[in-house]
Every structure is written in C-alpha cells, then in structure tokens.
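What follows is the residue order along each chain.
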Amino acid sequence: MEGLPFEATEESITAFFAHVGPLEGLRLPRWHDSGRLRGYGHAEFGTAEEASRAMQELNGEERGEK
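Here the structure is a predicted model, which is why all the values come from computation and not from measurement. (Residues numbered from 1 in each chain as written. Predicted model: local features only at pLDDT ≥ 70, side-chain atom pairs only at ≥ 80, totals over all residues. Heavy atoms only, no water.)

Some remarks on a nonpolar patch on the surface
Working step 1: Nonpolar side chains collect at one region of the surface, where Phe 16, Met 55 and Leu 58 lie side by side and expose about 280 Å² of accessible area between them.
Working step 2: Of note, Phe 16 is situated in helix α1 (residues 10-16).
Working step 3: A relative accessible area of 39% means that Phe 16 is categorised as partly exposed. (Patch = residues over 30% accessible without salt bridge, like charges linked within 9 Å, V, L, I, M, F, W, Y side chains within 5 Å. Areas by Shrake-Rupley, 256 points an atom, 1.4 Å probe, with all protein chains shown as cover. Salt bridge = Lys/Arg side-chain N within 4 Å of Asp/Glu carboxyl O. Helix = DSSP H or I, 4+ residues; strand = E, 2+ residues; numbered from the N terminus. Buried < 20%, exposed > 50% of the residue type's maximum accessible area, 1.4 Å probe, protein only.)

In structure tokens:
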C-alpha cells in the first residue's frame, strides 16, 4: 500500500480491510528519528482471494470507479 496518511494506525488499516478478511500480518514502516509513518505499508491476507479483493478495493474496482 502506498500513499497512506501519516496519521494512519494499525487499527485504522485493519478496520479498513475488515470486510475483506482478517489480516495475517501488517507492517507500517516508520522513520527512526520521528516515529512518523513513511506513507506505505505491507498487509498480508490469509488467502489469495482475500488479497485479490483487497487489491480491487484499493484500485477502486469494487466501487465502480474504473
């Protein structure tokens, strides 16, 4: 995921994907000096289908934007 708001939290990302399925893992890199998010993250899903649905959601395909 790219372009995350710097104020995003693990909880807000988990909530965003809750309808897709539970996250198996989530990493949100932070700057060492400030602790501020770097603006990207890595989310892991339990199945390929969940990951595919999440990608469609991020790309706007499920909302009819494409």
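What about the confidence of the model for the chain?
Detailed reading of the predicted model is not advised wherever pLDDT is low.
Working step 1: For the chain, per-residue confidence averages 86 on the pLDDT scale, and residues scoring 70 or more make up 91% of the total.
Working step 2: When the elements of the chain are averaged for pLDDT, helix α2 (residues 48-58) gives the smallest value, 87, and strand β1 (residues 23-27) the largest, 93. (pLDDT = per-residue confidence, 0-100.)

A few points about the environment of Arg 53
Working step 1: Its place among the elements puts Arg 53 in helix α2.
Working step 2: Take Arg 53: its relative accessible area is 35%, and that puts it in the partly exposed class.

Here we look at the environment of Thr 47
Working step 1: Topologically, Thr 47 is positioned in the loop between β2 (42-45) and α2.
Working step 2: Judged by its relative accessible area of 35%, Thr 47 falls in the partly exposed class.
Working step 3: In the structure, Thr 47 is positioned 26 residues away from Gly 21 in sequence and 8.9 Å away in space, judged by C-alpha atoms.

Some details on the pattern of salt bridges
Working step 1: Evaluated as defined, the whole model comprises 2 salt bridges.
Working step 2: Across the salt bridge formed by Arg 30 and Glu 10, the nearest N and O atoms sit 3.8 Å from each other. Here Arg 30 is found in the loop between β1 and β2, whereas its partner Glu 10 is found in helix α1, with 20 residues between them in sequence.
Working step 3: Overall, Glu 10 belongs to the partly exposed group, its relative accessible area being 33%.

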